[in-house]
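Residues per chain are reported as follows:
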Amino acid sequence: MATLEEPLEIGDVTVPNRLYRAPLLECAGNGPDAVETLIEDLEPAAESGVGLICQGATIVRGDGGCAAPGMTRVHDPEFVARLSRLTDRIHDHGSRIFIQLEHGGLRSMETWHAEYRSEHPDLEQLAVSDPPWQLRLLDRIGFLEYDPHVLTTAEVYELATDFGRAAARAVGAGYDGVHLAGANMGIVQQFLSPFYNRRDDEFGGSPEARLEFLAVVHDEIRDRAGEVPLMTKVPAETPAPPAPVVRRKLSLEDGVEIARRLERIGYDAVVPVQTSVVWDMSIVRGEYPDHAWDNEALHEEYDAAFGGSTRRRLVALANRVQSLQYDFEPAWNEDFCRRVRERLSIPVLAEGGIRGREEMDRLLGSSGEPEASTVSGATDDGPACDMVGMARPFYAEPRLGARLLESESTGDDPRVICESCNNCTVPQVTGAPGICRTPDVLRKRRELEHAGAYDRTEP
Ligand SMILES: Cc1cc2nc3c(=O)[nH]c(=O)nc-3n(C[C@H](O)[C@H](O)[C@H](O)COP(=O)(O)O)c2cc1C
Ligand code: SF4
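Reading the values: rules and limits
Residues numbered from 1 in each chain as written. Chains lettered and ligands numbered in written order. Predicted model: local features only at pLDDT ≥ 70, side-chain atom pairs only at ≥ 80, totals over all residues. Heavy atoms only, no water. Phe/Tyr/Trp six-rings, centres within 6.5 Å; stacked < 30°, edge-to-face > 60°. Lys NZ or Arg CZ within 6 Å of the ring centre and 35° of its normal. Near = heavy atom within 4 Å. 1 Å grid on protein atoms, 1.4 Å probe; cavity = no way out; pocket = protein on both sides within 12 Å on 5 of 7 lines; lining within 4 Å. Sits in = over half its atoms within 2 Å of the grid points. Helix = DSSP H or I, 4+ residues; strand = E, 2+ residues; numbered from the N terminus. Nonpolar A, V, L, I, M, F, W, Y, C, P; charged D, E, K, R; others polar. Salt bridge = Lys/Arg side-chain N within 4 Å of Asp/Glu carboxyl O. Buried < 20%, exposed > 50% of the residue type's maximum accessible area, 1.4 Å probe, protein only. Expected span 1.5 Å × (residues − 1). Bend = angle between axes of the 7 residues up to and from the residue. Contact = heavy atoms within 4.5 Å. Points joined across faces, edges and corners; volume = space filled by probe spheres on them. Polar contact = N/O pair within 3.5 Å; in protein donor to acceptor, adjacent residues only side chain to side chain. Areas by Shrake-Rupley, 256 points an atom, 1.4 Å probe, with all protein chains shown as cover. Pairing = 2+ DSSP bridges. Right-handed = clockwise from strand over helix to strand, strands pointing away.

## Remarks on the packing of aromatic side chains
Two descriptors summarise a pair of aromatic rings, namely the distance from one centre to the other and the angle between the planes of the rings.
Logical step 1: Under the criterion given, the structure shown has 10 aromatic pairs.
Logical step 2: Aromatic rings pair up to connect W112, W279, W293, Y302 and F306 into one cluster.
Logical step 3: Over the aromatic face of W279 sits the side chain of R107, whose NZ or CZ is 3.7 Å from the ring centroid.
Logical step 4: The ring of Y288 has R320 lying over it, and the distance from NZ or CZ to the ring centre is 4.0 Å.

Now the structure itself:
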């Protein structure tokens, strides 16, 4: 049972404490200001004492594969070498930084972003298999546009090699570890999920075969980047639409089994995440972002992204329905994490709706007050995880670490000021920066700043 302030080994790297910044879109892109933007976004968390910074997903190829505008690509060796300025700045504060590698596959902008599609008419979506009927139906009624290219067996190996090459470049630029975007509906999840993966080669046909892509990516990374710490998000598709709409999906037990096999393959840590099979609010549970949708100054850009005002209204309506389905729930992955941790000996990282210091202590098992609410058979005592992370609260308070880590000595129970209202998420479809956009929350942040709440007494 560890405290938040205790170090943790991930692979052969020591992380100075158990608080991490979960991967979160920085919208830095690859332009001349990209490295500076990343430093501005990520250094405050390190400065505030956060032990591990997980950079938002970066794309392993130069074309396609971005889930949202402004994602950074890591295919170009010269660009990645310049990221050493970022890793140096994080290391100056004693923190560690992992890069997250990703390819969106069927979830890429070439599926849903109307303006991007018209600017890149020849771009096909990389697909693990032909899209399932539910997605083809959305294509037929004009909600999404699919023009998929199903990867041949040789192309799957080439894609895995691109993950390995990107990891090697990142390690060369000073990153301390590699994180795979395995549970945000991108191509890794598409390989793992029976909803997407209907292949009949070595990458499909059974749960073991659906894991083969992650096994090959592991080997590519080890061959090209050495014994760098390697972790991935692990999905359980429990919040996906119910049968008969979605019959084939990953259960909680499937997720536990995937994590177990990943440990055997040689992964150094896992992040269990309950997620849907489609791109919805299951991984960002919270409120309907009315402030973001009502912002008329952005309507023109929303229309360009979604393909007109009618589609914009339909997406907003879908968002409203989802917010009822995926209402905020504190620490919503706790049960899944605990079940995984019971079966594994590598570190388990927990994120999703974690909002306060006492809650963190309880998840780490250091508060002595185990939660008695499990819904799926995990024992209800003992730690649920080895590290605790948050994402949206870092938009609201970039130097949040100071308030949480300093509280051990003061005995306070600081809670984040982020309201999980999701007003920060929708504007990002236009390429707008990832920042908190809720005036009351920003006012609270200014008050805390004036009160010195983000000043660290310990270096
Ligand atoms: C705007 C935004 C961007 C995100 N980008 C990523 C990402 O690049 N990779 C990833 O694995 N998860 C991503 N996530 C999911 C977060 O890492 C996290 O799991 C989720 O927001 C729940 O944590 P929270 O309740 O503390 O925000 C993103 C979430 C948000 C809100
Ligand atoms: S807009 Fe601000 S308060 Fe709302 S979810 Fe985003 S960071 Fe949190």
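## A few points about the site of ligand 2
Logical step 1: By nearness alone, 14 residues border ligand 2, and C418, C421, N422, C424 and C436 come closest of all.
Logical step 2: For ligand 2, the cavity whose grid points lie within 2 Å of the majority of its atoms is the largest cavity.
Logical step 3: Considering every element that reaches the shell around ligand 2, the biggest residue donor is helix α17 (residues 392-396), with three residues.
Logical step 4: When its residues are assigned to classes, the shell around ligand 2 shows seven nonpolar, four polar and three charged.

## A short note on the pattern of salt bridges
Side chains bearing opposite charge may pair, as long as their charged atoms lie close to each other.
Logical step 1: One pass over the full model with this rule turns up 29 salt bridges.
Logical step 2: For R89, the salt bridge identified is with E43, shortest N-O distance 3.1 Å. Taken together, the positions of R89 in helix α3 (residues 84-92) and E43 in helix α1 (residues 34-47) put the pair 46 residues apart, joining distant regions of the chain.
Logical step 3: Overall, E43 belongs to the buried group, its relative accessible area being 14%.
Logical step 4: Here E208 and R261 are joined by a salt bridge, their closest N and O atoms 2.9 Å apart. Taken together, the positions of E208 in helix α9 (residues 207-210) and R261 in helix α11 (residues 252-265) put the pair 53 residues apart, joining distant regions of the chain.
Logical step 5: Using a relative accessible area of 18% as the deciding quantity, one classes R261 as buried.
Logical step 6: Members of the salt-bridge network, linked through shared partners, are E208, E257, R260 and R261.

## Quick look at α1
Logical step 1: For α1, spanning 14 residues, the distance from its first C-alpha to its last is 20 Å, which sits close to the expected 20 Å at 1.5 Å a residue.
Logical step 2: The sharpest bend along α1 comes to roughly 30°, located at D41, with the proline P44 sitting one to four residues further on.
Logical step 3: Within α1, burial applies to A34, V35, L38, I39, L42, E43, P44, A45 and A46.
Logical step 4: Those residues of α1 that are buried are in contact with β3 (19-21), β4 (52-59), α2 (77-82), α3, β6 (96-102) and α17.
Logical step 5: Of the residues one or two after α1, G49 is the one with positive phi, at around 100°.

## Thoughts on empty space enclosed by the protein
Logical step 1: A complete count under the given rule lists two cavities of 30 Å³ or more for this structure.
Logical step 2: For the largest cavity, the calculated volume is near 80 Å³.
Logical step 3: C418, E419, C421, C424 and C436 are, among the 14 residues lining the largest cavity, the residues nearest its centre.
Logical step 4: Top element by residues in the lining of the largest cavity is α17. It accounts for three residues.
Logical step 5: When the residues that make up the lining of the largest cavity are grouped by side-chain class, the tally is seven nonpolar, four polar and three charged.
Logical step 6: Around the second largest cavity sit A331, W332, N333, E334, C337, A350, E351, G352, I354 and L363, which together line it.
Logical step 7: When grouped by side-chain class, the residues that make up the lining of the second largest cavity number six nonpolar, two polar and two charged.

## Points about the site of ligand 1
Logical step 1: P23, Q100, E351, R355 and R392 are the nearest of the 23 residues found near ligand 1.
Logical step 2: The contact in question runs from an oxygen atom of ligand 1 to an N or O atom on the backbone of A57, over 3.0 Å.
Logical step 3: Computed on the free molecule, ligand 1 has an accessible area of 610 Å², of which 93% lies beneath the protein chains in the complex.
Logical step 4: Mapped onto the shell around ligand 1, the elements with two or more residues apiece are β4 and α17.

## Regarding unusual backbone geometry
Apart from glycine, the bulk of residues carry a negative phi angle, and the bulk of peptide bonds sit in the trans form.
Logical step 1: Look at A331: it is not a glycine, yet its phi comes out positive at around 45°.
Logical step 2: For N422, which is not a glycine, the phi torsion comes out positive at approximately 70°.
Logical step 3: On the secondary structure map, N422 appears in the loop between α19 (407-410) and α20 (439-450).

## So, the pairing of strand β10 (residues 230-236)
Logical step 1: The buried count for β10 comes to seven of seven residues, which makes it a mostly enclosed element.
Logical step 2: Burial along β10 is two-sided: the residues L230, T232, V234 and A236 and M231, K233 and P235 are all buried.
Logical step 3: Two strands pair when backbone bridges link them, and strand β9 (residues 177-180) and β10 are joined in this way by three bridges, in the parallel orientation. What sits directly across from L180, in β10, is T232.
Logical step 4: For the segment spanning β10, α11 and strand β11 (residues 269-274), crossover handedness is right-handed.

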